[in-house]
Structure formats: structure tokens, C-alpha cells
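# Coordinate inspection notes
Next come the chains, spelled out residue by residue.
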Amino acid sequence: MDDVAEQIEITVDGQAVRARPGQLLPEALEGTGIYLPHVCYHPSLGPLQTCDTCFVEIDGNLVRGCSVAVKPGLDVTIESDTAHAARHEGIDRIASNHDLYCSVCDNNNGNCDVHNAVRDMAVPGQHYEYRGKPYEKDYSNPFYIYDPDQCILCGRCVEACQNLQVNETLSIDWSRDRPRVIWDDDVPIEDSSCVSCGHCVTVCPCNALMETSMIGNAGPMTGLSPQARGRFQQLGRSAIDLVKAAEHTTGFGPIFAVSEVDAAMRETELKRTKTVCTYCGVGCSFEMWTRDRELLKVQPQPEAPANGISTCIKGKFGWGHINSEHRLTKPLIRDNGAFREAEWDEAYALIARRFNEIRDAHGADALAFIASSKCSNEEGYLMQKFARAVMGTNNIDNCSRYCQAPATESLWRTVGYGADTGSIADLEAAELLIIVGSNTAESHPVIATRLKRAKKLRGQTHLVADLRKNEMAQRADMFVKPEPGTDMIWLNAVAKTIIEMGRADDAFIQKNVEHYDDYVKSLEPFTMEFAEQRCGLSRDELDRMVDMVLEANTICGIWAMGVTQHTMGADTATALCNLLLVTGNFGKFGTGGYPMRGHNNVQGASDMGCMPDRFPGYDFISDDTVRVRYEDAWGVELPTGKGLNNHEMVTTIHDGDLKSLYVVGEDMGIVDSDALHVQSAFEKLDFMVVQDMFFSRTCEYADVVLPASPSVEKEGTFINTERRIQRLYEVFPPLGDSRPDWRIHTELARAMGADWQYSHPSEIFHEMASLADMFAGAHYDALQGFNSQQWPVAADGTSQANLYSDGQFHFDSGRARFHPVHWNEPTDQPDDEFDLHLNNGRLLEHFHEGNLTDETAGIVFKIERSFVEVSPELAAERGVKAGSIVRLVSRRGAIKVSVEVTDRVQGKQMYMPMHGKKNIEAINVLTSFESDKDTDTPAYKELAVKMEVLSVDGHPPLKANNQRNATPNPVSGVQVNQKWQRDDYKRPPKARPVDSGL
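Reading the values: the criteria
Residues numbered from 1 in each chain as written. Predicted model: local features only at pLDDT ≥ 70, side-chain atom pairs only at ≥ 80, totals over all residues. Heavy atoms only, no water. Phe/Tyr/Trp six-rings, centres within 6.5 Å; stacked < 30°, edge-to-face > 60°. Helix = DSSP H or I, 4+ residues; strand = E, 2+ residues; numbered from the N terminus. Buried < 20%, exposed > 50% of the residue type's maximum accessible area, 1.4 Å probe, protein only. Lys NZ or Arg CZ within 6 Å of the ring centre and 35° of its normal. Contact = heavy atoms within 4.5 Å. Pairing = 2+ DSSP bridges. Axes fitted to C-alpha atoms, helices over the stretch in contact; angles between N-to-C directions. Salt bridge = Lys/Arg side-chain N within 4 Å of Asp/Glu carboxyl O. Disulfide = S-S within 2.5 Å. Core = buried A, V, L, I, M, F, W, Y, C linked by side-chain atoms within 4.5 Å. Expected span 1.5 Å × (residues − 1). Arc of directions from axis to C-beta. Polar contact = N/O pair within 3.5 Å; in protein donor to acceptor, adjacent residues only side chain to side chain. Parallel < 35°, antiparallel > 145°, perpendicular 65-115°, else oblique. Left-handed = near helix turned anticlockwise from the far one by under 90°. Nonpolar A, V, L, I, M, F, W, Y, C, P; charged D, E, K, R; others polar.

## Remarks on the packing of aromatic side chains
The final tally for this structure, using the stated rule, is 31 aromatic pairs. Here the aromatic rings of tyrosine 146 and tryptophan 183 are separated by 5.1 Å at their centres, their planes lie at 55°, and the arrangement is tilted. Residue tyrosine 146 is found in strand β6 (residues 144-146), and its partner tryptophan 183 is found in strand β8 (residues 180-183); the two are separated by 37 residues along the sequence. Each of the two residues, tyrosine 146 as well as tryptophan 183, counts as buried. Among the aromatic residues, those joined into a cluster by ring pairs are Phe355, Phe369, Phe386, Tyr662, Phe687, Trp756 and Tyr758. For arginine 272, the ring lying beneath its charged end belongs to tryptophan 289, and the centroid distance is 4.1 Å. Sitting over the ring of tryptophan 289, lysine 297 keeps its end group 4.7 Å from the ring centre.

In C-alpha cells, the structure reads:
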């Protein structure tokens, strides 16, 4: 909507100001030239009313401006004597709680709200004597510190933790003589339930909470900061005391003038660069603050479209891989069984010669290509173009085959587009979330913050179905544990019951959906009795699920690898989509289907055509009209036959028909199922090229290894789970002689004789958009800064947040389709020998196998190695305890792993994170080569094992103080009323009581 048309006129100090109804006063006055001081207010947190620096008069009453919402007729007086006195009393109290030593403070970079408020309010000097607090600095967390002496008790960190992140760790203990922020029930940070998401550090208005990477590094004199734990700390304290002594005479003015000069000096060295996170599919964007090649901090901004100011431990702190000594910086060529460094021209020449030899001898389809879901859209586009236009094969795929292909298939079948049907905002707005097989809080933590917030603050209802009691299950209104691989049954049983009750949304179905009768007939086997018997759910549980679905006006379905990584992955996801259609939950705000995309650009890799049967934008290669369009643009004749997906590639290598493989940014040798089978295939290849940042397990089988650059060393775009296209910028130049993948593709294509002349990713992006109708109006320049577009992008540049809000589904008829599915038993079932079921998935701290996160020391400090979760009852039965070493044996292989005993799993269900890069610890040594019958996604979750105890006593894999073992402290937020009720608090402009602890 047009913001200007929504605006009304209010009066501020006799001046007319236009603002939107409902806006809070600090936001309304931003950019108007009218200054309203505020410290505790943050646009992402709302009014906290703790700092007392924003008092204004309205109708003769003194009120805190941060709590005032714009409404017609609002008349605000800022410049009255009473309001002025109240604000200055508030800032004087803040100054008494904060030791202003700005020039040696790492936060003196223009973003310290305390410094800025004192400066802009022209506070003459220290009205109340600064008194240190009787608490030690907390250095226990590897990523950030808490300095009580600098804390002004604004409560931003508490509000962010309690009601934005909703980890519910931080609170303010107002009952103390000297109040302070506490973690849980007052324990050190590292002993608490803190998940190191960084929200508290991001919103802190001063240096009370500070990234350890900033301390002593941000400015020319910050090595003297008393927060820097070095030999200059005491010298710095002495220097500060000297300045403070002079401050009593000079006042703040001259001292602040020095700090302003210092801040200006820092700007010449400090760089702020916007980028997009390289981990999961949420698509968090933020600024990186750097000096030279040193990353000082990650600072998210409110305007970031997917995450706002939110991050997780990986996005905020997990960047050790950038400057890791383990980075590949030169091409490697295998010579006589060993690798040697080489120059790029030699590597390109060798690859070109061998690719040509293999194609000449065996045909183009003897070569295959794996694109990376961590590379940019532009790099994915070039990878599929290289395979098709340069090499002449459609043997091109990406890692969505391992996780997301069944979800995509289910959406193609039922509503037409293979992607999230709406936005993260829809998930927040829904009345009911049905979360199936998604460990959202660990796999997609920033989306989980939105869901937890919606539940805590707005009463959203959560129905969670999972094998394991993860965080979302613990917080759910209803948590059910179906037998492994049986979700399709209960989903169909719920749909069948709703239809039989006459409670289906008949009007929606009649208008919008086809094949209803066939679908109803297909549900005949899915009775409640069958669901009880096979899923292991009670009738009360099933009936309650039906009631929850019927009681909700808007429902979103969320699913992830717990659904897709089965032999019936596509069918189970389809069953959930069918249920949403039965209840009319597509096409309106707060509804739809939302598969959680795993990697940062797994959506984009498929969108760019890195698939064996589709061009960019999902046009079929078999469509003659589309293919001619690409042939005309690329100037070549293109292959017409469907290529191999990555699962089929392995089989074809073993069959002897696939001779060469080019793998980009994918540790296929350890992430593909039945890893030993995959590795033995690699040994049979005539020629293999791997392009990566690190020497991965897959690199060990390569003939040529090309050193690529991470996302922070390149430009381009990513597409997140909600179809949002976002731009990333180069933060650092490529390390050593590594190169961005798009440049490697371009140069290799030229070595193969192609006339590729790309000099910037924008040129690649615009070529793609000119060919794929889905991106017709997408433009690189429209993505500047934090701007974004969601596909499909119409030719006029408009995005479509909700795919079906116009009532039109992506089929020729414009109607959605019910798609009947049928039940088959999962594979690899437990028996007398392999008597345990081993589930597997992500870990909050690490990303997958750890190829990136293992390079961040703080993350390794948190969790050093992989482990298997064993239930207390199974541990007692088998005589194991935390730290025991066991061998897990499947029908394909064996690994050795440490035990963690936890009630997150029950009975003979076990769980193991994917973390681990060696065969001895990698889960995929155990998994089978069975796959989803429709998409070839491996059935990672269908896994029976036996457990052999190797040693009982050992070092537990999780420390006793791991956040999973701590108890959070949920409160409503800052609880400012407790501050106001203290005997030593007087509301400004009344002076602060003598010896107040505030």
C-alpha cells in the first residue's frame, strides 16, 4: 500500500508532522528533523520504558514518548521545561550507570546509543557520580562478554531474548541492591540456556554486551580498554581514571570531542558490507564489520527482509572458515598418486583436455556435473549452462536431491509451483502450525524465533509430529511421536475423518481443486483404526489432531527432512498438501505449505536449472519452444534427453557408463547415502574434478582440485526458502589464489573454447532473467542494499509474496489438484539383529558435516565431536552412560561414536547429528542407497542398526553445562514495573534518591 496515502497529520511543538497511524513516536519522528532522545527504544523491540530519556507532554501530562502511538489529533510537546527536565534526569541516571570511556571503547563507532544520547542532549557533565557495580565481568562465553559496570539496565537484551529470540534466558533481577541482567537463575553465561544467537549483543545500546572479536580491535586505542584481557588493561584503566579526573573540571564536551575524532578515524579503516548468510535456507542478511581481513562483528539490521535483527550462533559467530589456515588457495593436480600445487592455466588445460577426450571417446553423457547449493544463483546458472551448452549433456544436479526434491514434487503435484507458497510472515500469522519432521529450532533457528514469538505473544497453536522431543516439540500445544516413516498414514486419516464429518471446505474445493473424487476414494484404507495400529498413536491423539485442524481458520504446514528423506518422501509431503487443500488452507494470508529449505541457496540452485530435466525457472528441457529459446541465446544445439540425477550418477559410475564427474561445493563422498558405496564409485572414475574451499573427503578422489572462494569473497544473489532473491557483496578479496566460482566457470568454459566474457555476476543474472519467464522482471539493481524480490517476478518488476493469493494455481486450468497417494512399508526395518532405529539430522551449533563450522574455535568449544543420543531406558538396558563409546553397525557399515543419554529420544529410537567428516564417525557410512520412489532422494531416515559397547567410561560428548541441560527462565520481558516499584526509584523529573541502586 501507499505509505503516503496512509499518513495523517499530527502536531509536534506546534509543527505539523505527517506520520502513519499506530506508529510509535520515535519511529514517526525519525527523519523529520525533530529530535526525540531515546535509549531503550529499539524499532525491532518496541517501547520498554526503562531509560526515562524520551519524556514528552501530551494534553498537559508527562509521558514516555516511546509508548505514544500516532493517532488523529495527537498534539505532542517536546520542548517544555518539564519534559526537558525529565529527559535530562533520565540521561543523568544512565550516565551514573555507565563508565563513559569512549575513545578506548570498541563500540565508539557511531552506533553507541548511550554515547550519542549524551552527546546530542548536550549533557554538560557527570551529574550523579558513577559507581561501579559489585559484579565481575563474564567472559565465560567464547563469543561475547557481559560487563555489568557498563550496563544501564535498559532491558533491550532481555526483551530480545525473551520475546524476539524466545530462548527465555535473560532477565533483570530488580530485587537486588544493585540490579543486573542475569542468565537463567543467575549463572555464568556458559552455564546457562544461552544458545549464542547474538540477539542480546546486537541490540545492546553500549558496550555492556560485546563480541569478543571486537574487544581491543575496533579502534586505534581500544587495546587500552578495560574489557580487553591483556597486559594493557591496567594501563588503560589508569588512563581512563586520569581522564575522568579531568572530566569533573572540563565536563563532557572536550572529552567527547576527542571521542568524535577517534570515531571519525575509525571510519577510514572500518568497513561495513552487506552480505547474506551462507548457512541454512532462512536467508538472513546483515552487515559485516571488518578491518583489513579481520571480521570484527556481524551486525543485522531491522530492514533485513527475512530476519530483521535476528541471527543464530552460526550466522552471528560462525565465520572462522573465512581466514582458516586450512583453506585451499592454489589448484591441486594429482601426480603419481599425490597432489601438487599448480597454476590455474595448467589446471584448466588439463581439465579441458580430459573432458574432451572422454566426450570424444564415450559421448557427452559420459560426463556429469554437480552444482552447489552454497554457491550463488549466477554460479548455479553457469554450472548448468556449462553442462548443457559447453559439454552437451543434461547430467546436471544439485544437493536438493538429498533433501528437498520430494517437497518440491509434492507442491508441483498439488498447487503447481515447487516452493514455499507464501512468506515467513504467513507462518507468523497462521492460527495453527502443523510441523512434521522439522527440527526447526536447530535447523532453521531464525524462523523458529518467529514461530516461538507468535506462540508466546499471540497464542499461535503448534501441532508437532516428530520422533524426537526437540525444542519445538517441547513447546508445542500437542506433540505426537508416530512410528518411523508413518506420517502419511495419520495425515490421510485426519483428512479422511474431516471429509466424513462433512467438515471439508466444500466451497473452496468446488471452486479451486480438481480430482476430489479420486482423492476421496484413495483415502479408504486410511482409517483411524489403521492409524492407531501402524502409527502407534492413540485414538484420543488422533481425535485431538482433527479438532485442532477444524478449530483453526488459517493453517500452515511445515515439513523438512524428517518427511522427505524416506522412500515415500514425496507421497508423505503430498498427503500434507492434500490436507491443506481439504481445509481450504491455500491462497490466503497465513496459510500454505512450507518445506524448510536446507542450504542457503538450495532453492536457488534448482531455480537456476541445476536439474537433469529443467532449465532455469523450471521450464522442461523437453519443451521444444523453450529449448529453442536457449539455443538461440547460447548459440548451440542443446541435448533433449533427461539427464542423470546425482543418485543415478553413482549407479551409472558403477555400471561403467559414467566416466567423469565435476563436483562443486558438495562433499558428496560423505553426504550421499551409503557413503562407502559412493566412495567406491569415485574410485572407478576416469577423471574427477572437485571445486571447493577445503580439502574435503570428496577431494581425496579427485584428479584436479580447484580452490573456490566463500560467499563473502564474491558478489551475486541467493534465493531463500520463501523465494526471496537477495544480493550479497564482496566483504573480502579472495584469499590467496582462490577464485569465485563464477569466475572459475567462465575461465574453464573459455579453456573449452566457449566465448564466455562475463566480467561481473550482474551480467549473468540479467542473462538468466531474460530467458526464464519466472524471473522476467528481476533486476540486479533492484536488489541493492537490503532490497529483495520474491519470485515469480512479473515483467514490471512486481513480486508475488503469496503465490496463490489471486485464486489462481500454477496449472493451465488455474485450479489446484488433489493427488492420491498410497502406502508402502519403509525399507531397512529393525529386526532381531539390527534392533534399533537410528534417526539423524542437524545440530544447532554445527552445519552438517562441519566443513565450515569446524573452522570456528568457539563452535568447536561448544561441541567438539559428534555423538548418538540414547534414551535413559535403552542406556540402562545396554549398560551405557554419557561418554560411553559404542560401535553402531548397519547392514552396510559401522562407525564409532560417543553416547549422550537424554530423554529427547525414547525407547529404541536413537538420534545422531550429521556432524562428522571421517568414515569412522559419519552417519552415511550406515545409511542405505534406497531412495524415494519418485525423486531418488535417499531414505536417510530409514535406518536400522545394532549397538556394540566398546567402553563404558568416557568423556561425555556434551559438557555438563551445555545449554541443552540448562533450565531457561521465561518471563514476560523487562518487567519495568518492578523497577518503578522500587523504593529507590522516583519518576523523573524528580531527582534520583541518594544511594539509589538504579
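## Some details on helix α29 (residues 741-751)
Counted residue by residue, α29 has eight buried out of eleven residues, so it is predominantly covered. Along α29, the positions that sit buried rather than exposed are Asp741, Trp742, Ile744, His745, Thr746, Glu747, Leu748 and Ala749. The secondary structure elements touched by the buried residues of α29 are α10 (344-362), α11 (377-391), β23 (660-664), β24 (687-692), β25 (704-707) and α30 (761-771). One or two positions beyond α29, positive phi appears at glycine 753, with a value near 100°.

## Observations regarding the sheet that holds strand β22 (residues 592-595)
An order of β19-β18-β17-β21-β22 is seen for the five strands of this open sheet, with the pairing classed as parallel. What marks the edges here is a single partner per strand, and that holds for β19 (478-480) and β22. Pairs of neighbouring strands in the sheet enclose a mean axial angle of 15°, with direction left out of account. Pairing geometry for strand β21 (residues 555-559) and β22, over four bridges, is parallel. Counterpart to glycine 557 in the pairing with β22 is glycine 593.

## Topic: the pattern of salt bridges
Under the criterion given, the structure shown has 70 salt bridges. Notably, a salt bridge pairs glutamate 357 with arginine 353, separated by 3.2 Å at the nearest N-O pair. With glutamate 357 and arginine 353 both in helix α10, this residue pair falls four residues apart, about one helical turn. The exposure class of arginine 353 is partly exposed, given its relative accessible area of 44%. It is possible to trace a salt-bridge network through shared partners that takes in Lys330, Glu343, Asp737, Arg739, Arg743 and Glu747.

## Regarding the sheet that holds strand β13 (residues 332-335)
Either a parallel or an antiparallel arrangement is found when strands of a sheet pair, and the pairing is made through backbone hydrogen bonds. The strand order across the open sheet built from seven strands is β14-β13-β25-β24-β23-β15-β16, with neighbouring strands paired in mixed fashion. Two strands close off the open sheet at either side, each with one partner strand: β14 (338-341) and β16 (396-397). Here five bridges tie β23 to β24, and the two strands are oriented parallel to one another. Across the sheet, the residue bridging to serine 660 is phenylalanine 687, located in β24.

## Digging into the state of the cysteines
One pass over the structure, following the stated rule, counts zero disulfides. With no disulfide of its own, cysteine 699 lies closest to cysteine 375 among cysteine sulfurs, the gap being 13 Å.

## Details of the nonpolar core
With 123 residues, the main nonpolar core has Phe355, Phe369, Phe386, Ile434, Trp490, Tyr662 and Phe775 as its most contacted residues. When residues of this core are assigned to their parent elements, the largest contribution, nine residues, is made by helix α17 (residues 487-500). Apart from the residues within four sequence positions on either side, phenylalanine 386 is in contact with Phe355, Phe369, Met391, Tyr662, His745, Leu748, Ala749, Met752 and Trp756.

## A word on helix α8 (residues 252-267)
Here α8 spans 22 Å end to end across 16 residues, near enough to the 22 Å set by a 1.5 Å rise per residue. Turning to α8, its buried residues are Phe252, Phe256, Ser259, Asp262, Ala263 and Arg266. When α8 is viewed along its axis, its buried side chains cluster within an angular range of 110° and face the same direction. Against α4 (113-120), α7 (233-250) and β10 (270-276) lie the buried residues of α8.

## Let's talk about the side chain of threonine 927
Summarising the element assignment, threonine 927 is placed in the loop between β34 (909-913) and β35 (944-951). Within the structure, threonine 927 has its side chain in polar contact with the side chain of asparagine 924 (distance 3.0 Å). Sequence-distant contacts of threonine 927, defined by excluding residues within four places in its chain, comprise Ser673, Asp674, Arg892, Tyr940 and Leu943.

## So, the pairing of β8
Of the two faces of β8, both are covered, the one formed by Arg180 and Ile182 as well as the one formed by Val181 and Trp183. Sheet analysis places strand β7 (residues 170-173) next to β8, joined by four bridges and oriented antiparallel. From the neighbouring strand, aspartate 173 faces β8, where its bridge partner is arginine 180. Connecting β7 to the next strand, β8, in antiparallel fashion are six residues.

## Digging into the packing of helix α26 (residues 646-655) against helix α28 (residues 675-682)
For any two helices packed against each other, the geometry comes down to the angle between their axes and how far apart the axes lie. For the pair α26 and α28, interaxial distance at closest approach is 9 Å and the crossing angle is 50°. What the angle tells us is that α26 and α28 run oblique. Crossing angle aside, the handedness with which α26 passes α28 is left-handed. The segment α26 lies against α28, with Val650, Ile653 and His654 engaging His677, Val678, Ser680 and Ala681. Class assignment of the residues belonging to the contact of α26 with α28 gives a composition of four nonpolar, three polar and no charged.

## What to know about the side chain of threonine 50
Residue position: threonine 50 is located in the loop between α2 (25-29) and β3 (55-58). Judged by its relative accessible area of 3%, threonine 50 is buried. Within polar-contact distance, the side chain of threonine 50 engages the backbone oxygen of cysteine 154 at 2.5 Å. Apart from residues no more than four positions distant in its own chain, threonine 50 is found in contact with Cys40, Leu153, Cys154, Gly155, Val974, Val976 and Lys979.

## Things to note about the pairing of β25
Judged by which residues are buried, β25 turns out to be covered on both faces: Val704 and Leu706 on one side and Val705 and Pro707 on the other are all buried. The sheet contact formed by β13 and β25 spans two bridges and is antiparallel. Among the inter-strand pairings, isoleucine 333 is bridged to a residue of β25, identified as valine 704.

## Describing the packing of α11 against α30
Running from N to C, α11 and α30 point in directions that differ by 65°, and their axes come no closer than 9 Å. As judged from the angle between their axes, α11 and α30 are roughly perpendicular. Here the hand of the crossing between α11 and α30 comes out left-handed. Contacts from Glu378, Tyr381, Leu382 and Lys385 in α11 reach Pro761, Ile764, Phe765, Glu767, Met768 and Leu771 in α30. Looking at side-chain class alone, the contact of α11 with α30 contains seven nonpolar, no polar and three charged residues.

Scope: geometric values only; no functional claims are made or implied.
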